[in-house]
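# Observations on chain architecture
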Amino acid sequence: MLPMGTIVTFCMLLGLLFASRLPVIRTIQVIPLLLKRAVGLVVLAAGSWNVFWYALRNITEFWGVAALVSGVLMIITSMYIIDSKRLPAMLNAVRPAVQFLLLVCMLKYGVTIYRM
């Protein structure tokens, strides 16, 4: 069985790949809408687990705060994947910052898991 940290890290990667607007990664986004929205729901589920299960139980620890931050970023990223046109203009304007911060969180999780 895989540890939940590994699953959450993989979901962060999926979110970054499917929400990115970089030209190199755009080829991955030419998939059926149903599959794209399914990936968005997986990222949403992982972000919700991070916020509502892990972070709220461990908010006084470093990893609890990290789970809160990365979970909120994953929830926002999932909305970019599912339907970004319905989001407020402010959230669409900060999209690069959200994706960069999620990348930083993913790298922190990944490096920590690798070192264990």
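A brief structural summary. (Residues numbered from 1 in each chain as written. Predicted model: local features only at pLDDT ≥ 70, side-chain atom pairs only at ≥ 80, totals over all residues. Heavy atoms only, no water.)

Before going further, it helps to spend a moment on the overall build of the protein chain. A tally of helices and strands in the protein chain yields 5 helices and 0 strands. Listed by position from the N terminus, the elements making up the protein chain come as α-α-α-α-α. Computed over C-alpha atoms, the radius of gyration of the protein chain comes to 14 Å, within 12% of the 13 Å expected from 2.2 N^0.38 for 116 residues, which places it in the range of a compact globule. Each principal axis of the C-alpha atoms in the protein chain carries an extent, and together these give about 35 × 30 × 20 Å. In the protein chain, buried positions account for 36% of the 116 residues. At a minimum sequence separation of 6, the contacts of the protein chain that also span at least 24 residues come to 66%. Surface exposure of the protein chain reaches about 7300 Å², of which carbon and sulfur atoms provide 75%. (Helix = DSSP H or I, 4+ residues; strand = E, 2+ residues; numbered from the N terminus. Rg over C-alpha atoms; globule rule 2.2 N^0.38 Å. Buried < 20%, exposed > 50% of the residue type's maximum accessible area, 1.4 Å probe, protein only. Contact = heavy atoms within 4.5 Å. Areas by Shrake-Rupley, 256 points an atom, 1.4 Å probe, with all protein chains shown as cover.)

With respect to the secondary-structure elements, N50 resides in helix α2 (residues 33–57). Of the residues examined, N50 reaches a relative accessible area of 2% and is grouped as buried. Separated by 2.8 Å, the side chains of N50 and S70 make a polar contact. Excluding residues within four positions of it along the chain, N50 makes contact with V8, A55, A67, S70, G71, M74 and Y109. (Polar contact = N/O pair within 3.5 Å; in protein donor to acceptor, adjacent residues only side chain to side chain.)

So, on to α2. Each α-helix winds once per 3.6 residues, and so residues spaced three or four apart point in a common direction. Taking 1.5 Å as the rise per residue, α2 with 25 residues should run 36 Å; its terminal C-alpha atoms sit 35 Å apart, in good agreement. If you look at α2, its biggest bend is around 30°, right at N50. Taken residue by residue, α2 has V39, G40, V43, A46, G47, N50, V51 and A55 as its buried positions. Elements that come into contact with the buried residues of α2 comprise α1 (4–19), α3 (62–83) and α5 (95–115). (Expected span 1.5 Å × (residues − 1). Bend = angle between axes of the 7 residues up to and from the residue.)

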